[in-house]
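# Results of the structural survey
The lines below spell out each chain.
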Amino acid sequence: MPPKLYLVRHAQGEHNATQDYTLPDPVLTEKGEDQCRKLQDSFLYHETIELVLASPLRRTIQTAALSFGPTLARNDVTFIAVPEAQEVSDMGSDTGSAPNELKGYLAKLFADGTLDFDIKQKLDLSLVKEGWNVKSGYYAYTREAISKRAADLRSWLFQRPEDHVLLVTHGAFLHFLTEDWDVDDPMIGTSYHNCELRQFVFTPGSSKDDAHVTETAESLNSRGAHEEEKDPHVVDELKTLSNGHA
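Think of each chain on its own: its residues are numbered from 1, step by step along the sequence as written. In keeping with the model being predicted, local features are shown solely for residues with a pLDDT of at least 70 and side-chain atom pairs are shown and tallied solely at 80 or more, while totals for entire chains, interfaces and linings include all residues. Only heavy atoms go into the side-chain values, all of them from the structure, while hydrogens and water stay out.

In the nomenclature of an unreviewed UniProt entry, the protein chain is known as Phosphoglycerate mutase family protein-like protein of Lophiostoma macrostomum CBS 122681.

Given below as structure tokens:
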């Protein structure tokens, strides 16, 4: 049986606060770190999650580690960085770091010792290959390329053996992953707020070659259906792609 998915947008990054989207691979702000602490306290599934995934950008790794520390401190939980889950645009803020640079950043990101686990030992970077952060080809800023990697990620998730999988990723990409990114639909098309959690299951007709998800009723009822994303970075990305200009 395919897993239930717990999907989270990263906490506030420096680019969100400053609206400077040229910042390279920005980290979380103090407010973002506080959002992570609040999510950790309110998250009800620390003992349920079997696999934690994150986009390999620094802010998503931080969000996963700070929000789900009790989950990741469990020895039976794996933590994997997944390049397919990176954000859609080719701006500096959505362009990740080279694999060797990313490895070097890990200790610095958590130098204050706030984690209950060793991030360098816990985080599996084996899928993060050279070129993952080059916004061309498979990772190009085009609707076709983004839809392709979203479909590939759904297929990969569908085939995972775990029952409960958590993914920390990005606002615009989440709409491609869940195929509910039309902002004109206030129920399923609203963008995610920083550190927002939603839950999805695979549709009954899904297969490894054609996998789709639907949001659970519990998740729909727990969020503000008419609260549209106000971060212009995400809104502009969605408008551009929905108009077919990318």
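### What to know about the sheet that holds strand β4 (residues 123-124)
We call two strands paired when DSSP finds no fewer than two bridges between them. Labels follow the DSSP assignment, with helices taken as runs of H or I lasting at least four residues and strands as runs of E lasting at least two, numbered in each case from the N terminus. The strand order β4-β3-β2-β5-β1-β6-β7 describes an open sheet built from seven strands, whose pairing is mixed. The open sheet has two edge strands, β4 and β7 (213-215), and neither has a second partner. Pairing between strand β1 (residues 4-9) and strand β5 (residues 164-169): six bridges, direction parallel. Bridge pairing in β5 places Lys-4 opposite His-164. Any two residues whose heavy atoms approach within 4.5 Å are treated as being in contact. Angles here are taken between N-to-C directions and fall from 0 to 180 degrees, while the axes themselves are lines fitted to C-alpha atoms, restricted in helices to the stretch in contact. Across the sheet, helix α8 (residues 171-178) lies against β1, β5, β6 (197-202) and β7, angled at about 155° from β1, the strand it touches most.

### Considering the pairing of strand β2 (residues 51-54)
Summary of the burial criterion: residues with accessible area below 20% of their type's maximum are buried, those above 50% are exposed, and those between are partly exposed, where the area comes from a 1.4 Å probe applied to protein chains only. Every second residue of β2 is oriented toward a common face, with Leu-51 and Leu-53 on one face and Val-52 and Ala-54 on the other, all of them buried. In terms of strand pairing, β2 meets strand β3 (residues 78-81) through four bridges, oriented parallel. By the bridge assignment, Leu-53 is partnered in β3 with Ile-80. As paired strands, β2 and β5 are joined by four bridges and run parallel to one another. Bridging across to β5, Val-52 finds its partner in Leu-166.

### A short note on the environment of Tyr-192
On the secondary structure map, Tyr-192 appears in the loop between α8 and β6. Judged by its relative accessible area of 0%, Tyr-192 is buried. In the structure, Tyr-192 is positioned 184 residues away from Val-8 in sequence and 8.2 Å away in space, judged by C-alpha atoms.

### Points about the nonpolar core
Throughout this description, the term nonpolar core refers to a set of buried Ala, Val, Leu, Ile, Met, Phe, Trp, Tyr and Cys residues connected via side-chain atoms within 4.5 Å. Counting residues in hydrophobic clusters, the biggest one holds 37 residues, and the most contacted among them are Val-52, Phe-79, Ile-119, Leu-123 and Leu-166. Those residues in contact with Leu-166, other than ones at most four positions away along the chain, are Tyr-6, Phe-43, Ile-49, Leu-51, Val-52, Leu-53 and Phe-68. Membership of the second largest hydrophobic core comes to 26 residues, among which are Leu-7, Val-82, Leu-157 and Phe-173.

### Considering the environment of Pro-56
Along the polypeptide, Pro-56 turns up in the loop between β2 and α3 (58-67). Residues Pro-56 and Ala-81, 25 residues apart in the sequence, show an inter-C-alpha distance of 5.1 Å.

### Considering the side chain of Gln-12
Tracing the backbone shows Gln-12 in the loop between β1 and α1 (14-18). The buried category is assigned to Gln-12, whose relative accessible area is 13%. In protein, a polar contact means a hydrogen-donor-capable atom and an acceptor-capable atom, both N or O and within 3.5 Å, with residues adjacent in sequence counting only if both atoms are side-chain atoms; elsewhere, any N or O pair within 3.5 Å suffices. Here Thr-29 takes part through its side chain, which lies 2.5 Å from a polar atom of the side chain of Gln-12. In contact with Gln-12, other than residues within four places in its own chain, are Ala-17, Leu-28, Thr-29, Lys-31, Gly-32, Gln-35 and Asn-194.

### Details of the packing of aromatic side chains
For Phe, Tyr and Trp, rings pair up if their centres lie within 6.5 Å, where Trp contributes its six-membered ring, and each pair is then called stacked (planes under 30 degrees apart), edge-to-face (over 60) or tilted (otherwise). Counted according to the given criterion, the structure contains six aromatic pairs. For the pair Tyr-6 and Phe-43, a centre-to-centre distance of 6.4 Å together with 80° between the ring planes defines the contact as edge-to-face. Highlighted residues: Tyr-6 in strand β1 and Phe-43 in the loop between α2 (30-42) and β2, separated in sequence by 37 residues. When its relative accessible area of 6% is taken as the criterion, Phe-43 is described as buried. With a centroid separation of 5.0 Å and an interplanar angle of 80°, the aromatic rings of Tyr-138 and Tyr-139 are classed as edge-to-face. Judged by relative accessible area, which is 12%, Tyr-139 ranks as buried. The structure contains a cluster of three or more aromatic residues connected by ring pairs, namely Tyr-6, Phe-43, Tyr-45 and Phe-68.

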